[in-house]
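Below are the chains, spelled out letter by letter.
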Amino acid sequence: MTLSWMEFLLVVALLELTPGPNMAWLATLTLDKGRAAGLQAVLGIALGLCLYLVAAIAGLGALMAAQPQLLAGLRWLGVLYLVYLAFEPWIERARQTGEAGIGEGEETATHAGRHFMRGLTLNILNPKAALFYVTLLPRFVEGQGEQVWLQSLWLGLTHIGVATGVHLAIVLAAGGLRPWLSAGKRRTYLNIFFTAALVGIAAWLAWDGLAR
């Protein structure tokens, strides 16, 4: 383990512990749908990070860095998707209230894999993930030729491991608190809080995009 890798690990840990779209949504989803849904979403987010890593190794990160409008477009798509995810639980609950005979078990079976795809989509549209592989990861890569992609692979896998560990911890913690937090009016208050949190993160991403 070189000093450079240890520095990279510290940066990644601090970055992943900073609240962002993935963390807020995973907590919201797990508290609303349960631990199984949260774990599906974690897998989707991890796949999204793997796709960014493959793109960075293939040189697409340099292309995005040279075309700022691509990152800008990604940011605004992410903002819109976060707003949708913020209000989606309310829309779904209202729809289910008007439908007779639909239970939680049937909903889970019918929409198996949906949370995985939403996690994948959210992470692909997450400008925080895109900027990491476009701007931060290349700063820790040294050497030329084959060494570049090997270092990129190792650093990228380090990031994916840390990020997935943090996401799993959030899902497990939220799953453990779900029985208490989802009881009675606490569930409504919790939904309001996380809806406001997701909208707040979307607003911050939009403001940051305008500032750039």
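Glancing now at the environment of L155. Within the fold, L155 resides in helix α9 (residues 146-181). L155 gets classed as buried once you look at its relative accessible area, which sits at 5%. The spatial distance from the C-alpha of L155 to the C-alpha of V141 is 8.3 Å, given a sequence separation of 14 residues. Residues in contact with L155, not counting those within four places in the same chain, are W5, F8, L137, F140 and V141.

Looking now at the confidence of the model for the chain. Confidence along the chain averages 81 in pLDDT terms, with 84% of residues attaining 70 or more. Looking over the chain, one finds the lowest element-wise mean pLDDT in helix α6 (residues 104-110), namely 45, and the highest in helix α3 (residues 35-57), namely 93.

Geometrically, a pair of aromatic rings is defined through the distance of the ring centres and the angle of the planes. Taken as a whole, this structure holds 6 aromatic pairs when the rule is applied. For the ring pair F132 and Y133, a centre distance of 4.9 Å and an interplane angle of 80° mean the geometry is edge-to-face. The same class applies to F132 and to Y133, which are both buried. Cluster of aromatic residues (ring-pair linked, three or more members): F8, Y52, F132, Y133 and F140.

Attention now goes to the nonpolar core. Counting 51 residues, the largest nonpolar core has W25, L26, L82, F132, Y133 and L155 as the members making the most contacts within it. In terms of residue count, α9 provides more of this core than any other element does, 8 residues in total. The residues contacting W25, other than those within four sequence positions of it, are A41, L85, H115, R118, G119, L122 and L198.

Conventions we followed
Residues numbered from 1 in each chain as written. Predicted model: local features only at pLDDT ≥ 70, side-chain atom pairs only at ≥ 80, totals over all residues. Heavy atoms only, no water. Helix = DSSP H or I, 4+ residues; strand = E, 2+ residues; numbered from the N terminus. Buried < 20%, exposed > 50% of the residue type's maximum accessible area, 1.4 Å probe, protein only. Contact = heavy atoms within 4.5 Å. pLDDT = per-residue confidence, 0-100. Phe/Tyr/Trp six-rings, centres within 6.5 Å; stacked < 30°, edge-to-face > 60°. Core = buried A, V, L, I, M, F, W, Y, C linked by side-chain atoms within 4.5 Å.

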